[in-house]
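As a plain string of letters, each chain reads:
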Amino acid sequence: MRRYLAYVTLCTALIAALLTIDTGSSQATNAGNARAATQPANTAAAESRSEATYAYGSHTRQKLDAYWNATSGTQPGIVILHGGYWYEDAGWATWSRTFADAGYATFSVDYRLNFDAPWPAQRNDALSALTWIKSNAARFDLDPNRIVILGSSAGGQIGTAVATYGSGADRVKGVVGLSPVNSPYRAWNDGNHDTSTAKERKVRDNAAVLTRCYPDPADTDTSMHPSCWDTWKDTVVKNRASGANDAPMYLLHSEGDFIPVTHSTDLERAEEVDHDMPANGVTVETIPGDAHGGAILEASGIKNKVLSWIAAHV
């Protein structure tokens, strides 16, 4: 009951706080989409490209947009998990077309948001989407054994969570994370300072909605609900690191990212030092500037580096 009352209080406060932030956030998202729209299109491929929306589950958000070009053989695939603080959608249509025209069957996956269902619903949805995609691979001329995930911000956390859940290396060939929030608990703490930015506080607040509680190591009661503390621990990707069983990862942040690179260097250390992942199993890169999430792909040379990394792993 204590946890439920705290959650109700939290949600009431969040409604007011998020309404004040969303206007700026939407403007930023629209600006990002406008920048992405400037990416050059492959005109010939665009004429033959297929695009369609499919449901992979019964919930209204359990759907995906598929982009692919027919081929005489099979092609590798990219599964995109959007960002948005686990709270809102973000468009990836332009980049999906770019990847499709580069020779990848591309799937932009929606998932239940934090107010739809608590963690681990988001990871479960990503797993279900992968299962659906592999089961329908022939429809997209897709090789189901050559799939990578590209996740942005909150979607990056979901992607790395898939990479480290069970035998992630058997599930996907790799994960690219753009500003992945690999530790929502770290984000919670980063958003709790007097000097924390509005974006840091928005991540903090939505992480609490995601877990349905504030992080409290003493809250381990499971009599009426999953343990609060166990839920928070499960959101932190490094806690499931197992080394060679996990999928390779390429994780990028900017120097001024409000999701700092420590989210990824901690995961790298857990995989390569604490476990037996090879030294190049997790690659972490920091780029100049303050780009976040999908905007990192717009930095000089990064799109080609990401595509080269993907090509080397599929």
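Sequence order as written defines the numbering, with residues in each chain counted from 1. For a predicted model such as this one, the threshold for reporting local features is a pLDDT of at least 70, and the threshold for listing and counting side-chain atom pairs is 80 or more; totals across whole chains, interfaces and linings nevertheless cover every residue. For side-chain calculations, the full set of non-hydrogen atoms in the structure is used, while hydrogens and water are omitted.

1. Things to note about the overall build of the protein chain
Looking only at helices and strands, the protein chain features 11 helices and 8 strands. For every residue, the accessible area (1.4 Å probe, protein chains only) is compared with the maximum for its type, and the residue is labelled buried under 20%, exposed over 50%, or partly exposed between those bounds. Counting over 314 residues, the protein chain shows a buried share of 53%. Shrake-Rupley sampling with a 1.4 Å probe provides the accessible areas, and residues are treated as covered by the protein chains on show and by no other component. Total accessible area on the protein chain stands at roughly 13,100 Å², and carbon and sulfur atoms take up 52% of it. The way it works is that DSSP assigns letters per residue, a run of H or I at least four long becomes a helix, a run of E at least two long becomes a strand, and they are numbered from the N terminus.

2. With respect to the packing of helix H4 (residues 121–135) against helix H5 (residues 154–163)
The axes used here are C-alpha line fits, helices contributing only the stretch in contact, and every angle between their N-to-C directions lies in the interval 0 to 180 degrees. Packing of H4 against H5 leaves a shortest axis separation of 9 Å and a crossing angle of 70°. In terms of their interaxial angle, H4 and H5 are classed as roughly perpendicular. The two elements H4 and H5 meet at a crossing, and its hand is right-handed. Every residue of H5 that contacts H4 at Gln122, Arg123, Ala126, Leu127 and Leu130 is listed here: Ile158, Ala161 and Val162. Considered class by class, the residues forming the contact of H4 with H5 number 6 nonpolar, 1 polar and 1 charged. Orientation is classified from the angle alone, with under 35 degrees giving roughly parallel, over 145 giving roughly antiparallel, 65 to 115 giving roughly perpendicular, and any other angle giving oblique. In this scheme the crossing of two helices becomes right-handed for a clockwise turn of the near helix relative to the far one and left-handed for an anticlockwise turn of less than a right angle. Contact definition: two residues touch when any of their heavy atoms are within 4.5 Å. As a working rule, the residues Ala, Val, Leu, Ile, Met, Phe, Trp, Tyr, Cys and Pro are called nonpolar, Asp, Glu, Lys and Arg charged, and the rest polar, with Gly in that last group.

3. Structural notes on the sheet that holds strand S4 (residues 105–109)
Within a beta sheet, neighbouring strands are joined by backbone hydrogen bonds and run either parallel or antiparallel to one another. Here 8 strands make up an open sheet; going across it, the order is S1-S2-S4-S3-S5-S6-S7-S8 and the pairing mixed. Two strands bound the open sheet, and with one partner strand each, they are strand S1 (50–55) and strand S8 (282–287). Neighbouring strand axes in the sheet, compared pairwise and without regard to direction, differ in orientation by 20° on average. Of the strands in this sheet, strand S3 (75–81), strand S5 (142–152), strand S6 (174–178) and strand S7 (249–254) touch H5, which is tilted by about 135° from S5. Along the sheet, helix H11 (residues 302–313) makes contact with S3, S5, S6, S7 and S8, crossing S7 at roughly 165°. A pair of strands is labelled paired if DSSP reports no fewer than 2 bridges between them.

4. As for the environment of Arg61
With respect to the secondary-structure elements, Arg61 resides in the loop between S1 and strand S2 (63–68). Taking the C-alpha atoms as reference points, Arg61 and Tyr111, separated by 50 residues in sequence, lie 5.4 Å from one another. Arg61 has contacts with Tyr56, Asp89, Asp110, Tyr111, Arg112, Leu113, Phe115 and Asp116, leaving out every residue within four places of it along the chain. In this structure the side chain of Arg61 is engaged in a polar contact, spanning 2.4 Å, whose partner is the side chain of Asp116. Any pair of N or O atoms that falls within 3.5 Å is considered a polar contact. Within protein, one atom must be able to donate a hydrogen and the other to accept it, and sequence-neighbouring residues count only if both atoms are side-chain atoms.

5. Quick notes on unusual backbone geometry
Here Trp119 and Pro120 are connected by a cis peptide whose omega angle stands at 15°. Along the chain, the position of Pro120 falls in the loop between S4 and H4. The phi dihedral of Asp141 is positive, around 55°, even though this residue is not glycine. Within the secondary structure layout, Asp141 lies in the loop between H4 and S5. Note on Asp141: relative accessible area 19%, which makes it buried. Phi is positive for Ser179, close to 55°, though the residue is something other than glycine. Secondary-structure assignment places Ser179 in the loop between S6 and helix H7 (184–190). Under the relative-accessibility criterion, Ser179 is labelled buried at 0%.

6. Notes on the confidence of the model for the protein chain
With 85% of its residues at a pLDDT of at least 70, the protein chain reaches an overall mean of 89. Per-residue confidence from the predictor is reported as pLDDT, a score between 0 and 100. When pLDDT is averaged over each element of the protein chain, S6 comes out on top at 99 and helix H1 (residues 2–36) at the bottom at 43. In the predicted structure, residues 15–40 sits below a pLDDT of 50 and forms 23 contacts with residues beyond four places in sequence or in another chain.

7. As for the pattern of salt bridges
By salt bridge we mean one thing: a side-chain nitrogen of Lys or Arg within 4 Å of a carboxyl oxygen of Asp or Glu. Within the structure shown, the criterion is met by 15 salt bridges. In this structure, Arg49 engages Glu51 in a salt bridge whose closest nitrogen and oxygen atoms are separated by 2.9 Å. With relative accessibility at 17%, the residue Arg49 sits in the buried group. The structure contains a network of salt bridges with shared partners spanning Arg49, Glu51, Arg97 and Asp101.

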